[in-house]
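Structure assessment
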Amino acid sequence: MAHRVTAPAMQRARRLLDQRITPFISSGAINFTVAATEEWFESPGYDAAVASPVTPFAIGSKWGQAWHTRWFHLIAVVPDHLANVRIAAYVDIGFNGRGDGFQTEALAYMNGQIVHAIGAKRALQIGSTGVALMFTALVHTSSPILFLFLNILAGASISIYHIASSGHSLHRQDEVGSVIVPKLHGAWAVGAMSTAAIAFLISDYVSITWHITILMFIVWLITQFCIAKLSNTFPANSAADDAYQAGSIKQFKFKVNWFLSLGFFCASIMEFTIADWATLFGKEELGMGASIATLNYLLYLIGLIIGRYSIGWALKHQSEQFWIKTGGLVGGLGFSLMIITSKLVEDKSKGLAFALAFFGFLLAGLGSSAMSPIFFSIAGRLSNGQNAMAVA
């Protein structure tokens, strides 16, 4: 059946060629020096392959028996005049469609890691889109099974976004040479406080279904706009921003600083738990109304914001160790004392109980504000540039 090529089709093809293909055509300015191992029927692992002897391989030579594996070692030297130019490696492994099975398949390693082409920018876009879709679906479903799976997918999306944003933030902090991670944590708290304030104002008038649906759509649009505006801060080479490489379970055999991880867990546990039950505590334990109960979380966030935007100033006067200890004491002990006391006086004075609870959540925010950002910064300093792996 003949296919008639229309003018609009040719216009689309020309636009695709001009925008997506021509800008990425290889110039051939750099050639690889190629060496290859022998061929194996049973493919060896990475460690065995890189330890195997290699011989020079002439580009264009015939290679590859059916169902066999061969490892190629590619080396290229970038000349000085291309030092600041974005370059890409073009590797043709010889597929022509006439061999057995899929004929040829390839997997690239760089510095011992499987190369994966998702950088921080794309990960942020994927994560933020997943969060918006999953939370919107969560408030519209009535199926317990679907609700469970949507929660899992929402958690995965949050993790993608969190790791990408935190890894990129650490990378930028290293580049600019100033403390910015605590301020970004503070910006997160501002966003959380804003949504809590919105909930305080409309919870008695708007259902949670439409509240979350509209909020997710607006936040998603703003997030995509911000990511686009920050495009020039993302490295042209994704490896410079930690490569966000993915691979087999074997690839995840990285070293874990268990002491640092335990410290970060203790530092962040209050932040996560209060987000879940601050409002519930006010409603279920102290008998607050729906709107008033949101003030618990709102005041906690105010404490977070004040503390996180003050960290840069605080670190000029005392060490990280001092503020971790002080924050733990003020946040943990002060919060516990206020919450327990609010329950003890609840029957005698509702107003006093509410005030003590509010003050306790404010102390919790102030005390925990410095901990997560400081532990993130410490992890970044100890990660030898592998920021995303440190965050994960």
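Residues numbered from 1 in each chain as written. Predicted model: local features only at pLDDT ≥ 70, side-chain atom pairs only at ≥ 80, totals over all residues. Heavy atoms only, no water.

**Looking at the overall build of the protein**
Scanning the protein from N- to C-terminus turns up 13 helices and five strands. Out of the 392 residues in the protein, the part that is buried amounts to 32%. Sequence separation of at least 24 residues holds for 75% of the intrachain contacts in the protein that already meet a minimum separation of 6. Here the protein has roughly 25,000 Å² of accessible surface; of this, 64% comes from carbon and sulfur atoms. (Helix = DSSP H or I, 4+ residues; strand = E, 2+ residues; numbered from the N terminus. Buried < 20%, exposed > 50% of the residue type's maximum accessible area, 1.4 Å probe, protein only. Contact = heavy atoms within 4.5 Å. Areas by Shrake-Rupley, 256 points an atom, 1.4 Å probe, with all protein chains shown as cover.)

**Some remarks on the environment of L280**
One can find L280 in helix α7 (residues 258-285). Its relative accessible area of 47% is what places L280 among the partly exposed residues. It is 9.9 Å that separates the C-alpha atoms of L280 and Y297, two residues lying 17 residues apart in sequence.

**Some thoughts on the packing of helix α3 (residues 120-138) against helix α6 (residues 208-229)**
The N-to-C vectors of α3 and α6 enclose an angle of 175°; their axes lie 9 Å apart at closest approach. With respect to α6, the element α3 is oriented roughly antiparallel. Judged by residue contacts, K121, L124, Q125, S128, T129, V131, A132, F135 and T136 of α3 engage I212, T213, M216, W220, T223, Q224 and I227 from α6. Of the residues that constitute the contact of α3 with α6, the class distribution is eight nonpolar, seven polar and one charged. (Axes fitted to C-alpha atoms, helices over the stretch in contact; angles between N-to-C directions. Parallel < 35°, antiparallel > 145°, perpendicular 65-115°, else oblique. Nonpolar A, V, L, I, M, F, W, Y, C, P; charged D, E, K, R; others polar.)

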